[in-house]
Amino acid sequence: MDFQLTLEQRALQLRVREFAQRELAPQAQDWDEREAFPAETFCKMGKAGLLGMLLPPEFGGQGESVLNYCIAGEELAAACAGTTLSYGAHAVLCAHNIARNGTPEQKRRYLPKLASGEWIGALAMTEPQAGSDVLSLRTSARKVGGRYILNGRKTYITNAAVADLIVVYARTQEGPHGLTAFLVETRWPGFKVEHEFKKMGMRCSPTAQIAFENAEVPEENVLGQENGGLFILMSGLDVERATGGSLGVGIARTAFERALHHARRRKQFGKPLIQHQIIGHKLADMLVEIDAARLMTYRAAAKCDAGERATLEASMCKLYAAEVAERVTLEAVQIHGGHGYMRP
């Protein structure tokens, strides 16, 4: 086992940190207040090689490892969690999905646009009556000649309101193996955004309910095989969960850093907060949990890169990193005292 990042990984970490602190952090609060998707910054992320990290170089990507994506993802999340949420839906759920399962023509047509940021990607699985219970999906796709007719609704879809391309799961026959994945361009007739949700957080990442009303999708836009959607869905979960772990780590890290800064400069009873034992214990526990979540994320990513099954490790890291983000941010609010309840 080697717990050290390579020189190349450290250089990547520094490069992405500098980019994120320059391009994301100064505007994150404003984007959140206005619920504004940072489209221009997304294009900058494309030019910086971030949107295509997991994509093959021949299609405009960087061909990076899942571990390197997690290193970059933590830095982005530490600067703006909302942007990073949209980044994951675009770069992993959509673009990487096409890179793994698409035909050569699908890759040539879509991946360069997704890698550059010219197009925004999304994935639509959840429905009003079905979420994690994917076998209950009811959005239908009926084949007519050389096309499929899609009808149904998807809800809580990240990036849907700004997306150009969406990976959509629909039912092509009854039974557990009756799901098919489609590449749907949102400019096609029959697609519409029904409702954009008002969220409590990560508000610069748009989330919407969408509908397909006799939307026509050419048969060449089937991703993988007809009735092979469940395999595509399940085969991508390890990478999707591992990369999701880096989001929680980045959020927690920034909360810890701000709490540490406040504890060093805020004085109570004649000394800085950090010199009070209870505050020191809180900060120590926060740091331990962040490091544990990061190591779990790196382990899951490394197994993905090795081509090994990482279902357990990826699930654990995503769960634990999310819980750590919640606990650390709550403790950061407590350390800030009354100021922790104030909006910037």
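Residues numbered from 1 in each chain as written. Predicted model: local features only at pLDDT ≥ 70, side-chain atom pairs only at ≥ 80, totals over all residues. Heavy atoms only, no water.

(A) The overall build of the protein, seen in detail. What the protein contains, in helices and strands, is 10 helices and 10 strands. When the backbone C-alpha atoms are referred to their principal axes, the protein occupies close to 80 × 45 × 35 Å. Expressed as a percentage of the 344 residues in the protein, the buried residues total 51%. For the protein, the computed accessible surface area is about 16500 Å², with 53% contributed by carbon and sulfur atoms. Of the charged side chains in the protein, 40 are positive and 39 negative, and the gap between their average positions amounts to 4 Å. (Helix = DSSP H or I, 4+ residues; strand = E, 2+ residues; numbered from the N terminus. Buried < 20%, exposed > 50% of the residue type's maximum accessible area, 1.4 Å probe, protein only. Areas by Shrake-Rupley, 256 points an atom, 1.4 Å probe, with all protein chains shown as cover. Lys, Arg positive; Asp, Glu negative; His and termini not counted. Charge placed at Lys NZ, Arg CZ, Asp CG, Glu CD.)

(B) Spatial organisation of the side chain of Thr41. Tracing the backbone shows Thr41 in helix α3 (residues 39-47). A residue is classified by how much of its surface remains accessible, and Thr41, at 5% relative accessible area, is buried. If near-sequence neighbours (up to four positions away) are discounted, Thr41 is found in contact with Glu23, Leu24, Gln27 and Trp31. (Contact = heavy atoms within 4.5 Å.)

(C) Inspection of the packing of helix α9 (residues 277-305) against helix α10 (residues 311-336) at higher detail. Packing of α9 against α10 leaves a shortest axis separation of 9 Å and a crossing angle of 160°. For the element pair α9 / α10, the angle class is roughly antiparallel. The element α9 and its partner α10 pack so that their crossing is left-handed. (Axes fitted to C-alpha atoms, helices over the stretch in contact; angles between N-to-C directions. Parallel < 35°, antiparallel > 145°, perpendicular 65-115°, else oblique. Left-handed = near helix turned anticlockwise from the far one by under 90°.)

(D) Broad picture of the packing of aromatic side chains. Tallying each qualifying case throughout the model produces six aromatic pairs. Seen in terms of ring centroids, Phe37 and Phe42 are 5.1 Å apart; in terms of plane orientation they differ by 50°. Their pairing is tilted. The two residues Phe37 and Phe42 agree in class, both being buried. Considering the side-chain rings of Tyr156 and Phe197, the 5.0 Å spacing of their centres and the 40° angle between planes classify their relative orientation as tilted. With Tyr156 in strand β3 (residues 147-158) and Phe197 in the loop between β6 (191-196) and β7 (207-218), the pair connects residues that are 41 residues apart, well separated along the chain. Residue classification places Tyr156 among the exposed positions, given a relative accessible area of 56%. Using a relative accessible area of 22% as the deciding quantity, one classes Phe197 as partly exposed. (Phe/Tyr/Trp six-rings, centres within 6.5 Å; stacked < 30°, edge-to-face > 60°.)

(E) Focus on helix α4 (residues 66-79). Compared with an ideal rise of 1.5 Å per residue, which puts 14 residues at 20 Å, α4 spans 20 Å between its outermost C-alpha atoms and is within 8% of the ideal. Most of α4 is tucked away, with 14 of its 14 residues classed as buried. (Expected span 1.5 Å × (residues − 1).)

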